[in-house]
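# Chain and residue survey
Listed below, chain by chain, are the residues.
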Amino acid sequence: MQPTDPKDSTTLNANQPPDETQTITMPPSKKKSKPSSKTRRRLKDAEPLPFKIDGLSHDGRGVAIYGNGFGEADGHIEDKHGKKIFVSFALPGESALVKITNSRSSFEEGDAVSITANPNPERAVAPCPHFGVCGGCNLQHWQPDGQINFKQSVLAELLMHQANVEPEHWLAPVVGDRLGYRTKARLGVRYVAKKETALVGFRERSSNFLAELNECHILDPRIGFEIENLKALISTLESRDKIAQLELAMGETLPELPDGNQPVALIVRNLSPLSDADIEKLKTFFAARNWQLYLQSKGADSIQRIALAEHDDMTEQFGRLYYQLPEYDLTFEFIPTDFTQVNLSVNRQMTKLACDLLDLKAGERVLDLFSGLGNFSLPLARLVGETGAVVGVEGSEAMTARAADNARRNGITNTEFYSQDLTQDCTDKPWANQGFDALLIDPPRSGAWEIMQYLPKFNAERIVYVSCNPATLARDTKALLEQGYRLTHAGVMDMFCHTGHVESIARFEKVAV
């Protein structure tokens, strides 16, 4: 549960620099955060204890210490004095009653069940009624501006700790939609016979059980406020206990394009074949909402689109979804299983910021590593013009083909796309020896450590690194500094508001010799 405190707070200046005075602590690993069944039973009936919140962990939980202003009469036995506790739903400076949920020899974890004194001015009322139970997000008790400024502080701390550097310029945080933004997700499904209803949604916090949701304020409202209807639909199916998951993907409505009036796609994971009656119920439900319907009985190869109308194009396995980057007059086509950025409003700003930071000129050559479906490659191609060129490299052959198709559909002729395992040195490939003025890299959470070993061979003057994990960005920054680059700019982007995740961006420039 979230702490009971109805106060809202004033909005912070999103352009303020990171707060270097804030104490930030590395949280325990997820493995250690999972209490044993024995620990859960022991703590189940324990009374909440008072704590003063002194700082924050990297994932946004409050951090307190046993014995800080409290004694044995308050439940702070002397043997525990100095022991850290990580407190969900608590903010710095607050006094809170904390229900202990996990106890290890070196740390404990708990939930703030009430704020007893000194509520933080950034405390907010959670917009979602399921916050605190659902594990889909964990920071709705905190004003969004406070969240993103804290995340920039985390990036600053990691850069200093791992690379002993701070950027010459901090970028203002990129902010977009903060509710109803998530266009990609996998929702668990389980039919509960005793309640005669289906559960649809994310798992409970620190649990394998599905949360009992009726709505989700983080998901795009086209799905977020249809959860109750989806539960009712699944509960009526003959195979209601054989539906395991819904994978959803959403794009923009573009009726002039094929499938463009069906911007929502759901893949129904069915553990056994559905009856004709069940399929008809699904078709009626989906057709009424102009959604694309897919069934998946086994692996990805088994995904099958179900026709809802005579004009549905069934010649390919998947229908089409779209999003646009109006700044560059671009429309991207993708399929429901493709990787795309989950927050389209932030993605529009992120692509422009990356392009601006590279400061491209007509005729320049750019290398885009982990290029995906061309999200950055195509805007970059617009900027360098017909006399320039962009080379996109991606590990997935399917995404490489998608990028080439998107370039063709947008009338772009100055791009080349290649499929390549980027964990291996690929500088002997023909495409890698053409010379590049600038380089953009957008790796997965694991970062680009392998690429850092051979990246100097590309000899790019300017590099923009987009990251979904500030820890690996900081690690790779150290390698770039050692290879003769300087960190000119860094900042964060609010791609995943109300969660502990953050998108980061950094610009590097080759040091003149």
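Residues numbered from 1 in each chain as written. Predicted model: local features only at pLDDT ≥ 70, side-chain atom pairs only at ≥ 80, totals over all residues. Heavy atoms only, no water.

A few words now on the overall build of the protein. From N to C terminus, the protein includes eleven helices and 23 strands. Relative to the 2.2 N^0.38 estimate, which gives 24 Å for 513 residues, the radius of gyration of the protein is 25 Å and therefore close to what a compact globule would have. Each principal axis of the C-alpha distribution contributes one length, and for the protein these read about 75 × 70 × 40 Å. The buried share among the 513 residues of the protein stands at 56%. For the protein, long-range pairs separated by at least 24 residues make up 67% of all intrachain contacts whose partners lie at least 6 apart in sequence. (Helix = DSSP H or I, 4+ residues; strand = E, 2+ residues; numbered from the N terminus. Rg over C-alpha atoms; globule rule 2.2 N^0.38 Å. Buried < 20%, exposed > 50% of the residue type's maximum accessible area, 1.4 Å probe, protein only. Contact = heavy atoms within 4.5 Å.)

Attention now goes to the nonpolar core. Membership of the largest hydrophobic core comes to 102 residues, with the highest contact counts inside it found for L187, I223, L246, L266, F286, L380 and I505. Counting residues per element, this core draws most heavily on helix α7 (residues 344–358), which supplies eight residues. The residues contacting I505, other than those within four sequence positions of it, are L171, L353, A354, L357, V464, Y465, V466, H489, A490, G491 and M493. Judged by nonpolar contacts, the second largest core, of 44 residues, contains L422, C426, A432 and A506. (Core = buried A, V, L, I, M, F, W, Y, C linked by side-chain atoms within 4.5 Å.)

Strand order in the open sheet formed by seven strands is β1-β3-β4-β5-β7-β6-β2, with mixed pairing between adjacent strands. Of all the strands in the sheet, just β1 (24–25) and β2 (49–52) have a single pairing partner and so form its edges. When strand β6 (residues 95–103) meets strand β7 (residues 107–117), the two strands line up antiparallel, connected through eight bridges. Each bridged residue has a counterpart across the sheet, and for V98 the counterpart in β7 is A112. (Pairing = 2+ DSSP bridges.)

In terms of burial, β7 is a largely internal element, nine of the eleven residues being buried. Across five bridges, the pairing between strand β5 (residues 84–88) and β7 is parallel. Paired with S88 across the strands is D111, a residue of β7. Hairpin remark: β6 followed by β7, antiparallel, with three residues in the connecting loop.

Glancing now at helix α6 (residues 276–289). Helix length check: α6, at 14 residues, gives a terminal C-alpha distance of 20 Å against a target of 20 Å (1.5 Å per residue), a fit within 8%. Within the sequence span of α6, burial applies to D278, L282, F285 and F286. Summarising the axial view, the buried residues of α6 lie within an arc of 90 degrees, below the 170-degree limit, and thus occupy one face. Away from its buried face, by an angle of more than 90 degrees, α6 presents the exposed residues D276, T284 and A288. On its buried face, α6 is in contact with α5 (227–235), β12 (264–270) and β13 (291–296). (Expected span 1.5 Å × (residues − 1). Arc of directions from axis to C-beta.)

To continue, consider unusual backbone geometry. Despite not being glycine, F89 shows a phi value in the positive range, around 70 degrees. Tracing the chain through its elements places F89 in the loop between β5 and β6. Relative accessible area serves as the criterion here: at 2%, F89 is assigned to the buried category. Even without glycine at this site, N164 takes up a positive phi of about 55 degrees.

On the surface, a cluster of positive charge is made up of K38, R40, R41 and R42. Structurally, R42 can be placed in helix α2 (residues 37–44). (Patch = residues over 30% accessible without salt bridge, like charges linked within 9 Å, V, L, I, M, F, W, Y side chains within 5 Å. Areas by Shrake-Rupley, 256 points an atom, 1.4 Å probe, with all protein chains shown as cover. Salt bridge = Lys/Arg side-chain N within 4 Å of Asp/Glu carboxyl O. Lys, Arg positive; Asp, Glu negative; His and termini not counted. Charge placed at Lys NZ, Arg CZ, Asp CG, Glu CD.)

Once that is clear, we can look at the pairing of β6. Two strands pair when backbone bridges link them, and β2 and β6 are joined in this way by four bridges, in the antiparallel orientation. Looking at β6, one finds that F51 is bridged to A96.

You can see K361 is positioned in the loop between α7 and β17 (365–369). Take K361: its relative accessible area is 48%, and that puts it in the partly exposed class. Remark: the alpha-carbon pair of K361 and G385, spanning 24 residues in sequence, is separated by 8.4 Å. Beyond its immediate sequence surroundings of up to four residues, K361 is in contact with L383 and V384.

Once that is clear, we can look at the sheet that holds strand β11 (residues 243–250). Taken in spatial order, the six strands make up an open sheet running β10-β9-β11-β12-β13-β14, and their pairing is mixed. Sheet topology places β10 (197–201) and β14 (304–306) at the edges, where each strand pairs with a single neighbour. Neighbour-to-neighbour, the strand axes of this sheet turn through a mean angle of 25 degrees, independent of strand direction. As paired elements, β12 and β13 share six bridges and run parallel to each other. Across the sheet, residue A265 finds its bridge partner in β13, namely Q292. Against the sheet, α5 touches β9 (184–192), β10, β11, β12 and β13, its axis set at about 140 degrees to β10. Against the sheet, α6 contacts β12, β13 and β14, and its axis sits at roughly 150 degrees relative to β13. (Axes fitted to C-alpha atoms, helices over the stretch in contact; angles between N-to-C directions.)

These values are about where atoms sit, not about what they do.
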